[in-house]
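Results of the structural survey
Spelled out from the first residue to the last, the chains are:
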Amino acid sequence: MLTASLLVDGKPLTRLPDCFLRHPSYIALFGHQVFDVFPTKIPGVEFIAKAVVHRFKIFFGMRNGDIVIQSQRENEDLLELLDIPVLLVTDHVHWLNLRTRAIEFRPMERLWEPSDDNWVARQGQTTLMIANTLSPLENSQYLIVTCSMDVVKVDLPRFGLSFFIDKDGELHSRNQRGMVVDKNQSTGTMLGLVNQLVLRPKDRQTYSDRRVIIPQGDVVVDPSGHHIQVTIHIDPNHARLPYHCYTIDTELCRLTGNVGLTNKLYKVYLHAVCSAHVPDPLTRRTGLEEAMYLLQSAACFSFMKLDPFECKLLAWIGSLTVDRTWSISGRRSQDVHWQSGLSSYVQSCAFYHAARDIVQYAQRLQVLSETPVPHATSSLLERASQRSTFLYSHDPVNSFHPRKSSSSEYTSRDVYWITLEPRQALYDVFVQWREISGRTDNLLSLRYDGEWLKPDLAKIWMTVYQLCCDADRENHTFQLAFTLPAMAYSSPDNMKFATTMLAFAVIPEFRAIYSPIYNIYDLSSGIKPLEQDLCYSISSHTTFPNSPEASCHPTTFNIRQQRHFQSECLLSLLDRWPCDSVPADALQCLSHSRYNKLALSAVLAKQYSNCYRNRCLKVYLDQYVISVTTAVLTEDLFRKPPPVIKLLPDPLKQSDALLSNRSSGSGLDSSPLEDVISGFSRRRLDQFGVRYANDLEDSRIDLENEQSLVVPDPTRWTVNMLQHHHVWCNRLYNNAFRRLEEHLAPVGLAEESLFNSGQWPRITITFLLGLLASTSKTPLCDSWKAPLTSFVHILLRLQRSQRLLKLKLAAGGDDGEFRKELMNDGHLGVDDTQIYLDWLLIQAENRFLIRPIQASVAMEMISPSSGNNTALQLHMGEGKSSVIVPVCCAALADCSNLVRVVVLKPLVVQMFQLLVERIGGLTNRRIFYLPFSRSLHITYNHASIIQSLFEECKAIGGILVTQPDHILSFKLMTVEQQLPAPTNAVGQSSAELAVPLLNTQRWLDKHTRDILDESDELLHVRFQLVYTMGDQQHLEGYPDRWTTTQQVMTLVAKHARPLHQEFPLGVEFQPGVIGTFPLRPERLIKLICDDILDSNLPNFAFGHVPCHMKDSIREYLTLSTIGPQLLHNVRNYCAGSSLWNGLLLIRGLLAHGILIYTLKDRRWRVDYGLDPQRTMLADVPSSRAEFGHPDIAVALTCLSYYYEGLTEKQVALCFRQLLKQDNPALEYETWIKELSSDSLPDNLKTLSGINAESTEQFTSCLVPLFGRNKAVIDFFLTQFVFPKEAKEFPHKLSCSAWDLAERKFSGLPTTGFSGTNDFRYLLPATMAQHSLDHQRGTNARVLSYLLQQENDHYDPLASGGSARELLNVITKKSPEIRVLLDVGAQVLDLQNDEVAKMWLEINQDAQAAIYFNRHDELVVRTRDHVVELFSASSFAQQVDQCVLYLDDEHTRGTDVKLPRGFRAAVTLGPKVTKDRLVQGCMRMRKLGHSHSVMFFAPPDIDRSIRAVNNKSNGDVHVSDILV
């Protein structure tokens, strides 16, 4: 009645209710169309539409509060609309066939058209099983299950994961090769975690570790029975959901992830929240203990910067600590807020301290960066952690013990927690008191009184003991609660005695132990009569004057004296101990005539009585060791006797299939190389060429003479033999660990109680191995080092057996790798040294064995045989960075020196991560990165922090990864601050900074020990760092200094196309892309000079100049060498005008080659480019140094902007500045002068046609037209760039790469190494090249690999065009090319990420592209445009599904493990030396052994190759390229 609606059975007759019309599903199908309907009796629906839609009858209904829409054609099945909010099926509608239960996915544009081309999903038992299996990781509505042939494929698009089921019925992972979903979904740790998926190896014979995938999200903890349930809520707004993959390492009993800090902190947090009070089966620690062990490890303090999510994780970890705040009433009480779901055990103050330490370290690093980090402080938490010390184990969780309370108000009452000794023998304390009273009948009681505040424990101990033993809980609890704290409050030293007395009162077993009944104990007498005391007592009681010996010679008397009482009486006294009095017959051997036996007996009786009483007291006190042992420290634990663990002979080595002692040559055919060397010798007859050829020939001869062990046929080692060997090694490993456990296990009631209360160190594999590290805080005696060292050897043998078995079982097994592994038994010749122990740990943690060659190079790096700075060579791919650098760092960083690893900028991130991975675990070495540059605003406080970071790195045995410019920049800043200057950039006076910086530099010179990676490139003579000094000054002759250069560039553009037509092979011309590279300089110079003299240069007019003077000026502008008369004539003619400065500038550009140098010898984005973060002028891409010559800098800046164009922001600046000009219309005419009428819209032909308010006109018209317009770019440079940036300075400081190799006053050598040694001729005088005997053939070996037949492929045209053209050609090659090594820097028109994106578009078979981003991080780009770190990506296990692009900067030192059979494209370019080419090609680590390369050259390089080899036609071979 209220709405005037007619209802039949409560339903409208003609119109659908509004709840239908507003529903998203209805709107998706029908929009705002309103149907006429009538009620229906059909079960499940309420209405039927009167109209038919595409021959479908439409039904509407309600089910469980949601609408139902069904459709049916005549004589066809009934369909029901499903609402599936799945990412993959957005823009589709989903119809369920109610008869077949199949779902059809129809695109929105064809939502009413059934088609066989549409996806159809049929949900069966298999789908339900898969959904249930994967439910811990992903909701079933986001799964895509498809069936093809006999394979069921399962995709998780939000995670980028994929699984499949084949005929064996197991759920396989496509991302984790060889892994299937395990039926056992327990990892043995993180108990209670719901969201995890455990995988196991498909082939159990490989004995590989299981893995677990855990999604990243918000962690929610809920109580569940006696434990908790931990779920992870995923953020649905992320296009790609992150996850973490961990390996379940059953050998080291832990979860291991990737090198990233995020991966580690996330694991820490999950361990913590899943913690119980009992140890986890896998880690043998509680989750809290494992979390704290990880948080305090060096790896968690080894980071370059904290990213936002890592800061968030640290906040989560810190928030686990119970929240304590001061109450509102004031600082008299505190409010404690416990988190629901977490036990009080987990909400430990340790997490606050551990997270705080990491954050504070990050804050110190902020001095050298701008990365924001969170702040945290709380005195209440520090105080609470001090008071809860006794609740937690002391050994693995050092953060439970803060160094000092920040609350001075409560220091007095808290200090005893800090000074509490975990274990100390009572008797040792009593000895310090010297005299102890026995039981007394004084009026002492357990009632509280003032005497307890100053107790004399030496007098009342025995009485208190009896009182405590007689105490009972019912009557004396409150008395003890007041009395004992009062005693402890009086002095921190009394705390341990209070705990002991409490133990007397509460432990019933102590009441059965009776104390001695003596009334006093003189502890100065000891617990046993000492031989020297007895000798003194006896000798002092002789009656010498009355004895027959008085007349004897002294020597004779002494002999008789020793025979009489030292050999008889003394032995009798000592043999009868212990006794409370002197034995009656002990003095019978003494003569009355010689000794006063009565007095002697009295003295000895007192001495015996005191010692016996003391002995009884000690026996009594030793029964209470538990009462003063609040925790057992590691150093106490290893006072136990060690087990004997023998390293048995390896049965594999003892088998019949022994390695042969015979030797053979290198196996390489060096005859092609011999031909190359002879050809080079014929062409290069100069002194250097002859020397280079001779050295290369010597290397070839050394390669021929190399001898290596002959390994028998690998088939002699069968899978069955290797499996038995692995079982034997595993049994040996388990038995050894069991023996160590047994010897360190608790014995007796006291130790068992400590063990059960968690105060006994957890005996884990990592705990035992960590004790061998040189950074261990627990000193080990040699008797314990021996069994632990043997244990590590057994572990290494077990790991080697696994590797051998995997290599043998691998499909298409690599016999070469199998032979290498078989030949290396791990014997290095440096056994029984601390260096060797650290090396053992590095090998055990990273699962490899150092080869003898690597060890010999490492030992030479550690201690050069010459004792001076040394550069070494090691064949590329032999583990220079991955093995030798880490082991050298571990050996050299001995807390007496600061070890610096100096690397090239493109390799910094990779080296930092590698060192963290290799030595940040068991060896516990922190890796530091302290980037220093002049851009930092250093204050006195900052200088102190930098010095403290250096000292900290040295003191803890850390390693500093640094770049050469960091070292040199600090040196220059130190020198700069010593020079007189009013203030620096932040107002800090130079005098205040001069001293601390100089002291730091002197400290570095004294303590640094440098390792140079890729030393030949680091020490290149071209590297220079310049500090400009003084006040900025405009360039002389400005603004003509740059406008003239711009006008000359206009003339270059004018002649580029005609020159290209005249010399098609002499000039490379690509209009609008990357400009021109003239190879006919004399012709270009002549044309430009003619234009200038024809007055085509606006800055200078020569129309009035006489003809004879024009000829003189022409010579002056084009000839580099001129006569004095010509100079005199030109100078006199120009005297008194500005023409002379203009001629000087033009002469520099033309005659002295600046113009040709910038166009021909410098390549955009290779040798120079723009880096707006540093300067708006052109700079080198590596940000190493600024160009010193101003005219070169101006010319390269112009070219950079011409090639790159202006950004939208820069174009907008130009138009705003244009309107401020005196005559903007005239200036605008110069902008549009060179534009064709077809490209310029009519409304833009005048300035008035520009609408400054129109965003659409600006982005669609103005930016495309004027962004690359030379006139506009010149305007921008003239107005904004050069006036601000084109300045010069009166002075400069400079240093070169050779300063890295200077001899230090400390005598510490600098050692470096590289895979090539061509630079040995140009090494600094302070650095010598040392060639190890086994590496002399390295140069010849690499060239011999390149000269093999599979590498003899060359394409002279492909790389002459754009990047797309190059990629298109590469993709079409057969065998397939999956790697692009841009050694020649031919990819100029795209950034690295753009190359990756384009390559994936072209190569449809590749699933991802690997490349280095602008932060020098190795990343992966997937087909769905997700970019992630390579180390954290699933494609790290699927490199065969990827393409790899390495730009020219990263073709040296980069190491990516590529599958067998991979082939690479190698580009050639200007200035590609043999060194650079070989370095780039050897990124293919198995070159010559299943890897191959193909060369691509642009036209100019192709012509150069053919010219050198006299080949106008015909094929170009690798030998031609090398020559």
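Let me begin by describing the structure that accompanies this report. Small disclaimer: the values here were computed from a predicted structure and weren't measured.

This next bit is on the packing of helix α4 (residues 261-273) against helix α6 (residues 308-319). Relative orientation of the contacting elements α4 and α6 amounts to 20 degrees, with a least axis distance of 10 Å. Judged on the interaxial angle alone, α6 and α4 are roughly parallel. In this structure, α4 crosses over α6, and the sense of that crossing is left-handed. Contacts between α4 and α6 involve L261, T262, L265, Y266, V268 and Y269 on the former and, on the latter, F309, E310, L313, L314, W316 and I317. Of the residues belonging to the contact of α4 with α6, the class tally is 10 nonpolar, one polar and one charged.

With that settled, consider unusual backbone geometry. Omega for the peptide link from Y1038 to P1039 comes to 0 degrees, which places this bond in the cis form. Within the fold, P1039 resides in the loop between β34 (1033-1034) and α34 (1040-1062). The omega torsion of the bond from S1374 to P1375 falls at 0 degrees, within 30 degrees of zero and hence cis. Structurally, P1375 is set in the loop between α46 (1363-1372) and β44 (1379-1381).

Grouped together as the largest cluster of nonpolar side chains are 93 residues, with contacts concentrated most on I214, V219, V273, L295 and F351. With nine residues, the top contributor of residues to this core is helix α7 (residues 349-365). When near neighbours in sequence (up to four residues on either side) are disregarded, V273 contacts V219, V221, I228, V230, L320 and L342. Core analysis: the next-biggest nonpolar cluster, separate from the first, contains 75 residues, L1093, L1117, Y1202 and L1277 among them.

With that settled, consider the side chain of T766. Mapped onto the secondary structure, T766 falls in helix α23 (residues 765-770). Within the structure, T766 has its side chain in polar contact with the side chain of R285 (distance 3.5 Å).

With that out of the way, let us pick up the sheet that holds strand β48 (residues 1442-1446). Read across the open sheet, the eight strands follow the order β43-β50-β49-β44-β48-β45-β46-β47; overall the sheet is mixed. Edge positions in the open sheet fall to β43 (1354-1355) and β47 (1427-1429), since each of these has one partner strand only. The pairing of β44 with β48 spans three bridges and is classified as parallel. Across the sheet, the residue bridging to V1379 is L1444, located in β48. In this fold helix α48 (residues 1474-1481) packs onto β44, β49 (1463-1467) and β50 (1492-1496), with an angle of close to 135 degrees to the strand it touches most, β50.

What counts and how
- Residues numbered from 1 in each chain as written.
- Predicted model: local features only at pLDDT ≥ 70, side-chain atom pairs only at ≥ 80, totals over all residues.
- Heavy atoms only, no water.
- Axes fitted to C-alpha atoms, helices over the stretch in contact; angles between N-to-C directions.
- Helix = DSSP H or I, 4+ residues; strand = E, 2+ residues; numbered from the N terminus.
- Parallel < 35°, antiparallel > 145°, perpendicular 65-115°, else oblique.
- Left-handed = near helix turned anticlockwise from the far one by under 90°.
- Contact = heavy atoms within 4.5 Å.
- Nonpolar A, V, L, I, M, F, W, Y, C, P; charged D, E, K, R; others polar.
- Core = buried A, V, L, I, M, F, W, Y, C linked by side-chain atoms within 4.5 Å.
- Buried < 20%, exposed > 50% of the residue type's maximum accessible area, 1.4 Å probe, protein only.
- Polar contact = N/O pair within 3.5 Å; in protein donor to acceptor, adjacent residues only side chain to side chain.
- Pairing = 2+ DSSP bridges.

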